[in-house]
Each structure stands twice: as structure tokens, then as C-alpha cells.
Amino acid sequence: MARPAARLKIARFPVRKRKPLLSDERMAEVWDIRSLEHAEGELRDFDKLVSSAVSRCLAEDKGNRVEIANRLSVILGERITVMMLDSYSSEARREHHISASRFLALLAVTRRFDILDAVLREVGGKALDRADARIFKLGQRYIASINAERDLRDTVDGILQEPT
């Protein structure tokens, strides 16, 4: 009687999924805005960050990629395919870059202004959506009213302290 062949045990190591450049931690740091002074090569992987942003838009949107591609095609007036979106979302495919107009259109159709904000913070900027812009405007007016009250108080004090 022949012996059964011995089975080789192959050690399987869990493959760690690469952490995307636009991580949850990076998205949460809403007030961590980089300086406008950039070191040499500091934005070398900026294209990877944009690809990661595209990936996050696509992965977290309620619609599927076909719907997103169709909506982009309509608003841009040019054909956008799922394959194009897949290429744009790959950090590994460095030869496929999304144009600024397509990137901004993607952010608009997915309503992911938080992702735009995260990308802009890397170059020293900040994005505000319509609701945030109203709050910002209110804050500006509040500060202006405080400054006007101070100026009025200083003027009144100056008048009252003048000799008659």
C-alpha cells in the first residue's frame, strides 16, 4: 500500500493593505495647514495624494462608478469612463493623472469638499463649502463690529478727555 504524499505546509503571511496617502487621520486634521514655504521635493508625491483623493471619492460615494462616470460625462461634456476613473484612482499608475477640471468636477458630483480641503491644506490653502463660507462671513462681520465698537469707544474717550 502506497503512502499518501505528504502535504507541504506553506506559511501564509497576511498581506498588509497599503495605507492610502489621504488617510482618515489626514482628513481629520482640518486645521493643520502647511506653511506656504515648501522645501525642495516636498510635493514630489502630490500626484499620489490626488490619486488617493480620487480613490476616496469613488470608494465612499453611494453611487457606483458607472453612475459617477456618467454624471461627469454630462457636466464636462466629454466621455469619462469607469476605466479612466480606475486609472486616476491608482497611486501606483503614476503615468495617469487626472486633470484639474476633471478632479474638481469629481469633487462636485460626489460633494466631497472635505477631500478638496485636505488636498488644499497640503499646499497651504483651505476650502470652504457654501455653509462654511456663510459662517466665515458671519465671523468676519462679527470681528468688524467688535473693531467698530472699539474705534467708537476710543473716539468717545478721546472727545471726553479733551479739555473744554
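Heads up: the structure comes first, above all this text.
Throughout this description, residue numbers start from 1 for each chain and increase along the sequence as written. Only residues with pLDDT of 70 or above have their local features reported here, since the model is predicted, and side-chain atom pairs are shown and tallied only from 80 upward, although totals for entire chains, interfaces and linings are computed over all residues. Heavy atoms throughout the structure, all of them, feed into the side-chain values; hydrogens and water do not.

Visitor: Please clarify how the overall build of the chain should be interpreted in this entry.
Guide: Here a strand is any run of E in DSSP of at least two residues, a helix any run of H or I of at least four, and the numbering for each starts at the N terminus. Counting its secondary structure elements, the chain contains seven helices and zero strands. Seen in sequence order, the chain has helices and strands lined up from the N terminus as α-α-α-α-α-α-α. In the chain, buried positions account for 26% of the 164 residues. As displayed, the chain offers around 12700 Å² of accessible surface, 56% of which is attributable to carbon and sulfur atoms. Only protein chains enter the accessibility calculation, which uses a 1.4 Å probe; a residue is then buried when its area is under 20% of its type maximum, exposed when over 50%, and partly exposed in between. Where accessible areas are quoted, they stem from the Shrake-Rupley method and a 1.4 Å probe; at the residue level, only the protein chains shown are allowed to cover.

Visitor: What should I look at first to understand the pattern of salt bridges in this one?
Guide: Oppositely charged side chains are able to pair whenever their charged atoms sit close together. By definition, a salt bridge exists where a carboxyl oxygen of Asp or Glu is found within 4 Å of a side-chain nitrogen of Lys or Arg. All chains considered together, the criterion is met by nine salt bridges. Put simply, arginine 112 and aspartate 114 hold a salt bridge, and the shortest N to O gap is 2.8 Å. Here aspartate 117 ties to arginine 121 by a salt bridge, and the two come within 2.6 Å at their closest N and O atoms. With aspartate 117 and arginine 121 both in helix α6 (residues 113-121) and four residues apart, this pair spans about one turn of that helix. Assigned by exposure class, aspartate 117 and arginine 121 land together as buried. Three or more residues are tied together by salt bridges with common partners; here these are Asp24, Arg56, Glu60, Arg112 and Asp114.

Visitor: Looking at this structure, how should I read helix α3 (residues 65-76)?
Guide: Owing to its 3.6 residues per turn, the α-helix aligns residues three or four sequence positions apart on the same side. Taking 1.5 Å per residue, 12 residues should reach 16 Å; α3 reaches 16 Å between its end C-alpha atoms and fits that length. Along α3, the residues classified as buried are Ile68, Ala69, Leu72 and Ser73. With its buried residues spanning 135 degrees around the axis, α3 presents them on a single face. Structural note: α3 exposes Val74 and Ile75 on the side pointing more than 90 degrees away from its buried face. When checking whether two residues touch, look at their non-hydrogen atoms; a contact exists if any pair is within 4.5 Å. Where α3 is buried, its residues contact α2 (46-60), α4 (82-88) and α5 (100-110). Identification of polar contacts relies on pairs of N or O atoms within 3.5 Å, with a donor-acceptor requirement for protein atoms, meaning one able to donate a hydrogen and the other able to accept it, and with residues adjacent in sequence counted only if both atoms are side-chain atoms. Regarding α3, its N-cap is asparagine 64, as a side-chain oxygen of that residue lies 3.0 Å from the backbone nitrogen of valine 66 further along. One or two steps after α3, the chain reaches glycine 77, where phi turns positive at roughly 70 degrees. For a helix, the expected span equals 1.5 Å multiplied by the number of residues minus one. Each C-beta atom gives one direction from the helix axis, and the arc is the one those directions make.

Visitor: Got a minute to help me understand α2 in this structure?
Guide: Helix length check: α2, at 15 residues, gives a terminal C-alpha distance of 21 Å against a target of 21 Å (1.5 Å per residue), a fit within 8%. Among all positions in α2, only Asp47, Leu49, Val50, Ser51, Ser52, Ala53, Val54, Arg56, Cys57 and Leu58 are buried. The inward-facing, buried residues of α2 contact α1 (24-28), α3, α4, α5 and α6.

Visitor: How should I be thinking about the packing of α2 against α5 in this particular structure?
Guide: In a pair of packed helices, the angle between the axes and the distance between the axes together describe the arrangement. Orientation of α2 relative to α5, taken along the N-to-C sense of each, is 25 degrees, at an axis distance of 10 Å. Judged by the angle between their axes, α2 and α5 are roughly parallel. In this structure, α2 crosses over α5, and the sense of that crossing is left-handed. Judged by residue contacts, Val50, Ala53, Val54, Cys57 and Leu58 of α2 engage Phe103, Leu106, Leu107 and Thr110 from α5. Class assignment of the residues belonging to the contact of α2 with α5 gives a composition of eight nonpolar, one polar and no charged. Here an axis means a line fitted to C-alpha atoms, over the contact stretch when the element is a helix, while the angle between two N-to-C directions is reported on a 0 to 180 degree scale. Orientation is classified from the angle alone, with under 35 degrees giving roughly parallel, over 145 giving roughly antiparallel, 65 to 115 giving roughly perpendicular, and any other angle giving oblique. Handedness of a crossing is defined here by the sense of rotation of the near helix relative to the far one, left-handed for an anticlockwise turn of less than a right angle and right-handed for a clockwise turn. Any residue that is not Ala, Val, Leu, Ile, Met, Phe, Trp, Tyr, Cys, Pro, Asp, Glu, Lys or Arg is counted as polar, Gly included; the first ten are nonpolar and the last four charged.

Visitor: How do you make sense of the side chain of arginine 112 when you look at a structure like this?
Guide: Within the fold, arginine 112 resides in the loop between α5 and α6. The exposure class assigned to arginine 112 is buried, which follows from its relative accessible area of 14%. Setting aside residues up to four positions removed in sequence, arginine 112 forms contacts with Met27, Arg56, Cys57, Glu60 and Leu107.

Visitor: How should I be thinking about the side chain of serine 52 in this particular structure?
Guide: Relative to the helices and strands, serine 52 resides in helix α2. Residue serine 52 is classed as buried on the basis of its relative accessible area of 2%. Within the structure, the side chain of serine 52 is placed 3.3 Å from the side chain of glutamate 91, a separation counted as a polar contact. When residues no more than four places from it in sequence are discounted, the contact partners of serine 52 are Pro20, Leu21, Leu22 and Glu91.

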